[in-house]
Structures are given as structure tokens and as C-alpha cells.
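# Summary of structural features
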Amino acid sequence: MVVLGSAGGLPAATGRGGRKDGVGRIGDRRNTDAMATRDRLTKIRKILRRTYPDVKTQLAHDGPFQLLIATILSAQCTDRQVNRVTGPLFQELGTPAKLAAAPLKQIEGFIRATGFFRNKARNIKRCAQALVEAHGGDVPADLAALTRLPGVGRKTANVVLGAAFGIPGVVVDTHVARIAQRLGLTAHSHPVRIEFDLMALMPRSDWSDFCLRLIYFGRETCSARKPRCPSCPLRRHCPWPDKTSIHP
Ligand code: SF4
């Protein structure tokens, strides 16, 4: 695991017991940095839990299949916009069998407003076909099986595992990636590396809810372009407390 040591406001390692060539000291320093980051994250999680006690996915759905399809459609699109199209889509094609058998043009017509609709239509149709052919029409509650489905990456799979099956997963969307970096919880920019850094820093039981809270927090406070630092509840624990002076 790699974490940003400087983000923790950490004391330098003493180096006692390290090798003369400094290798031991570097190892000590890394351990100290990781512990400080974990402690800081514990405080951050507590504040976010207080700020957003009840969190759940904003994607309207009825059951794992509809959540899976809605999550695929949410790429590069707001949840609100996805909810607008999934109402009529699920009314007509709300089961794997119906979606798998539907003509591509019909699916495109329903989801046009979500952007990249040709690609998404192809993906959700192929995904539904794979569910029918390989899983008897059920959504598998398993990361490896989910990520083998067309159009399903780790982010989508972790959303479905957490919200539909209660299996904790770290969901790295654009908000989670940005805020994890700003808070110094990861030194990486690749979503999978960020996912593994976050998994190593907190208990499994909090993976899903913590990510949902970061998404709420990213929308309300730590936005990409205008973070509201002066009123931010995490300001004391952030390496960038004065990123902007935007007030609420
Ligand atoms: S202090 Fe600013 S940059 Fe840091 S988490 Fe809060 S809003 Fe984001």
C-alpha cells in the first residue's frame, strides 16, 4: 500500500533500530506514515458518518438486475438523468430476458439522453444476454463473475455487490478518486490502485458506506472545481484546507 506520508502531518521516523544503509529507517517511516494515515481516516470516517448518517445509492431500481443496468448507464451521466430514462426502460424491458431479446434500436431510443447511448445500448443488451445464458437470468453476487459481464467493471460490480447484496466493496467513482487524493489517502490516480489503498486503510464493514458518504460529500462540499473549504467539516484533517475560499 502506498499512502502520502506528508499528508498526515507526520513526525519524522526516529530511525532507531534501522540498518546503517537506511533501509530499516525507510521501512519504519512507511509504517509510521501508514498508521498516521489510518488514524486520520478514522477521524474523517467519524465526521462523515455524523454528517451523512443514512446513505444509499441514488439510482432508482427494483432488484439487482435493474441496479446493474442503471449503474452501467450512469457512466459519464448524472444519477438524476439515469433515473429519468430507467423508469420507461424498466417498465418495458425490466427483466434480463426482455432486455436481451429487445432490438438494439428500441434500447437506444430509451437511453439516448444518458450519452454514449449506442455503446451503452450494446453493453446492456449483451450483459442481459450473458445473464440469461450463463446465470439463468440472475445477477451473480460475486466480483469475478460480475466483471466478466459485458460493460461491467470493478466500479459497477462493487456498486451492485454493496447495494443489492450487502457485500462491502470500495466504489471508486470520480468523487471518491478526487477526494481520496485531496485527503492524502492515496498517491495513485488509477481507480483500481485507489480502491486497494482505501481497502487497506479501513475495516471492510465500512467500505461501501464510506464511499457513498464521499460521493455525497463530493457533490455538496468538495466539488471538483469549487471546493467549499472554509465550511468543510474535514478541513482540520485535509492537507489542502485552503484550496479555495468559496463560502456556502
Ligand atoms: S478542506 Fe477543501 S479540499 Fe480539503 S476536503 Fe474540505 S473542501 Fe475538500
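Since we're looking at a predicted model, the values are computed, not measured.

In terms of regular secondary structure, the protein is built from 11 helices and 0 strands. When the helices and strands of the protein are placed in sequence order, the string is α-α-α-α-α-α-α-α-α-α-α. Here the protein, with 248 residues, has 36% of them falling under the buried criterion. In the protein, once contacts between residues fewer than 6 apart in sequence are set aside, the share between residues at least 24 apart is 57%.

Glancing now at helix H2 (residues 64–73). In terms of burial, H2 is a largely internal element, 9 of the 10 residues being buried. Three or more residues of H2 are buried, namely Phe65, Gln66, Leu67, Leu68, Ile69, Ala70, Thr71, Ile72 and Leu73.

Here we take up unusual backbone geometry. Of note in this structure, Gln76 is not a glycine but carries a positive phi near 55°. Within the fold, Gln76 resides in the loop between H2 and helix H3 (79–93). Within the chain, Phe116 stands out as a residue other than glycine whose phi angle is a positive 45°. With respect to the helices, strands and loops of the structure, Phe116 is situated in the loop between helix H5 (104–111) and helix H6 (117–135).

Close to the ligand lie 14 residues; Cys222, Pro227, Cys229, Cys232 and Cys238 are nearest. Split into classes, the residues belonging to the shell around the ligand amount to 9 nonpolar, 1 polar and 4 charged.

Residues of the protein with pLDDT of at least 70 account for 88%, and the chain-wide mean is 90. Segment residues 1–19: pLDDT under 50, and 40 contacts once partners within four positions in sequence are set aside and those in other chains are kept.

Before going further, it helps to spend a moment on the packing of H2 against helix H8 (residues 154–165). At their nearest, the axes of H2 and H8 sit 10 Å apart, and the two run at 150° to each other. Judged by the sense of rotation from one axis to the other, the crossing of H2 with H8 is right-handed. Touching Pro64, Leu67, Leu68, Thr71 and Ile72 of H2 are Thr156, Val159, Val160, Ala163, Ala164 and Phe165, all from H8. In terms of residue class, the contact of H2 with H8 is made up of 9 nonpolar, 2 polar and no charged.

Let us look at helix H9 (residues 174–182). All buried positions along H9 are accounted for by His175, Val176, Ala177, Ile179 and Ala180. Against the buried residues of H9 lie helix H10 (191–201) and helix H11 (207–220).

A few words on the nonpolar core. Ranked by size, the top nonpolar core spans 55 residues in total, and within it Ile124, Val160, Val176, Ala180 and Cys211 carry the most contacts. Looking at which domains feed residues into this core, each of domain 1 (64–165) and domain 2 (174–237) supplies at least three.

At a minimum axis separation of 9 Å, H5 and H6 run at an interaxial angle of 120°. With respect to H6, the axis of H5 lies oblique. Seen from above, H5 lies across H6 with right-handed handedness. Across the interface between the two elements, Leu104, Ile107, Glu108 and Ile111 of H5 pack against Phe117, Arg118, Lys120, Ala121, Arg122, Ile124 and Lys125 of H6. Residues belonging to the contact of H5 with H6 are distributed by class as follows: 6 nonpolar, no polar and 5 charged.

Before going further, it helps to spend a moment on the environment of Arg148. Here Arg148 lies in the loop between helix H7 (143–147) and H8. Put simply, Arg148 and Cys127 are 21 residues apart on the chain and 9.4 Å apart in space, counted from C-alpha to C-alpha.

Another aspect to go through is the environment of Gly218. Structurally, Gly218 can be placed in helix H11. A C-alpha to C-alpha distance of 5.4 Å links Gly218 and His175, two positions 43 residues apart in sequence. In this structure, Gly218 is in contact with His175, Arg178, Ile179 and Ser223, ignoring residues within four places of it in sequence.

What counts, and where the lines are drawn
Residues numbered from 1 in each chain as written. Predicted model: local features only at pLDDT ≥ 70, side-chain atom pairs only at ≥ 80, totals over all residues. Helix = DSSP H or I, 4+ residues; strand = E, 2+ residues; numbered from the N terminus. Buried ≥ 20, exposed ≤ 12 C-beta atoms within 10 Å, placed from the backbone. Contact = placed C-beta atoms within 7 Å. Near = placed C-beta within 6 Å. Nonpolar A, V, L, I, M, F, W, Y, C, P; charged D, E, K, R; others polar. pLDDT = per-residue confidence, 0-100. Axes fitted to C-alpha atoms, helices over the stretch in contact; angles between N-to-C directions. Left-handed = near helix turned anticlockwise from the far one by under 90°. Core = buried A, V, L, I, M, F, W, Y, C linked by C-beta atoms within 7 Å. Domains from an automatic or database assignment. Parallel < 35°, antiparallel > 145°, perpendicular 65-115°, else oblique.

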